Amino acid sequence: MDDTAAPLTDDPSAEDRKLVVLARATRLRAQAAEGAALRDLDGRTYAAATVDLPHLQVSALGAAIAMAVASGAAGLEAAVLLTGADAVAEEDLAAVGDLGGAGVPVLVGDTAGRLAHRRTT
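Remember, it's a predicted structure, so these values are computed and weren't measured experimentally.

Peer 1: How would you sum up helix H3 (residues 90–100)? Please name residues and give values.
Peer 2: Every buried residue belonging to H3 is among Asp92, Leu93, Val96, Gly97 and Leu99, and all of these are buried. On its buried face, H3 is in contact with helix H2 (60–70), strand E6 (76–82), strand E7 (105–109) and strand E8 (115–120). Taken from the residues just after H3, Gly101 is the one with a positive phi, measuring 80°.

Below you can see the structure in the form of structure tokens.
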């Protein structure tokens, strides 16, 4: 797992921009702190927002990963996290690696959808 965040030096692909749109829309609809979206190896996408209930707390990436697993995804191609935090939580990055293996890019941006850096599992 890559321990550093690399600034984005290239424009995201059209497929990655779709993940940004999905993550942003899901976060706004849920009025949540974070939004996330994933693309599995079959090209299916999963979008989720932070779950913050009195008896259940799940990060946006955690919720999206759970959806992918429940849908039978065999792996991940890419992930996007939109957050007010400075970085993706290490446990979330590890969970992306659990399903996707090594080398999955996680693009991280602010809640408005402006991507700032990339982490890699």
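Peer 1: Help me get a handle on the environment of Gly84, residues and values and all.
Peer 2: Counting through the fold element by element, Gly84 comes out in the loop between E6 and H3. When the C-alpha positions of Gly84 and Thr121 are compared, they lie 21 Å apart, and in sequence the two are 37 residues distant.

Peer 1: Could you give me a rundown of the side chain of Asp92, with the residues and numbers involved?
Peer 2: Looking at where Asp92 falls in the secondary structure, it is placed in helix H3. Buried charge without a salt bridge: Asp92, with Arg119 as the nearest opposite-charge side chain at an N-O distance of 10 Å.

Peer 1: Describe unusual backbone geometry, listing the residues and the values that go with them.
Peer 2: Phi is positive for Gln31, which is not a glycine, with a value near 50°. Assignment of secondary structure puts Gln31 in the loop between helix H1 (14–30) and strand E2 (35–40).

Peer 1: Describe the nonpolar core, with residues and values.
Peer 2: Ranked by internal contacts, the top residues of the largest apolar core, which has 21 residues, are Leu38, Leu61, Val96 and Val106. For this core, the elements supplying multiple residues, two or more each, are E2, strand E3 (45–49), H2, E6, H3 and E7. In terms of residue count, H2 provides more of this core than any other element does, 6 residues in total. Look past the residues within four positions of Val96 in its chain and what remains in contact with it is Leu61, Ile65, Leu76, Gly101, Val104, Val106 and Thr121.

Peer 1: Explain the packing of H2 against H3 residue by residue, including any values.
Peer 2: Running from amino to carboxyl end, H2 crosses H3 at an angle of 15°, the nearest separation of the two axes being 9 Å. Taken together, the axes of H2 and H3 lie roughly parallel to each other. When the axes of H2 and H3 are compared, the crossing they make is left-handed. Where H2 abuts H3, its residues Leu61, Gly62, Ile65, Ala68 and Val69 lie against Asp92, Ala95, Val96 and Leu99. A per-class count over the contact of H2 with H3 returns 7 nonpolar, 1 polar and 1 charged.

Peer 1: Please give an account of the pairing of E6 that cites residues and values.
Peer 2: Within E6, 6 of the 7 residues are buried, which leaves it mostly tucked inside the rest of the structure. Strand direction decides the pairing type here: E2 and E6, joined by 6 bridges, are antiparallel. Its bridge partner lying in E6, Leu38 is registered against Ala79. With 4 bridges connecting them, E6 and E7 associate as parallel partners. Across the sheet, residue Ala79 finds its bridge partner in E7, namely Val106.

What counts and how
Residues numbered from 1 in each chain as written. Predicted model: local features only at pLDDT ≥ 70, side-chain atom pairs only at ≥ 80, totals over all residues. Heavy atoms only, no water. Buried < 20%, exposed > 50% of the residue type's maximum accessible area, 1.4 Å probe, protein only. Helix = DSSP H or I, 4+ residues; strand = E, 2+ residues; numbered from the N terminus. Contact = heavy atoms within 4.5 Å. Lys, Arg positive; Asp, Glu negative; His and termini not counted. Salt bridge = Lys/Arg side-chain N within 4 Å of Asp/Glu carboxyl O. Core = buried A, V, L, I, M, F, W, Y, C linked by side-chain atoms within 4.5 Å. Axes fitted to C-alpha atoms, helices over the stretch in contact; angles between N-to-C directions. Parallel < 35°, antiparallel > 145°, perpendicular 65-115°, else oblique. Left-handed = near helix turned anticlockwise from the far one by under 90°. Nonpolar A, V, L, I, M, F, W, Y, C, P; charged D, E, K, R; others polar. Pairing = 2+ DSSP bridges.

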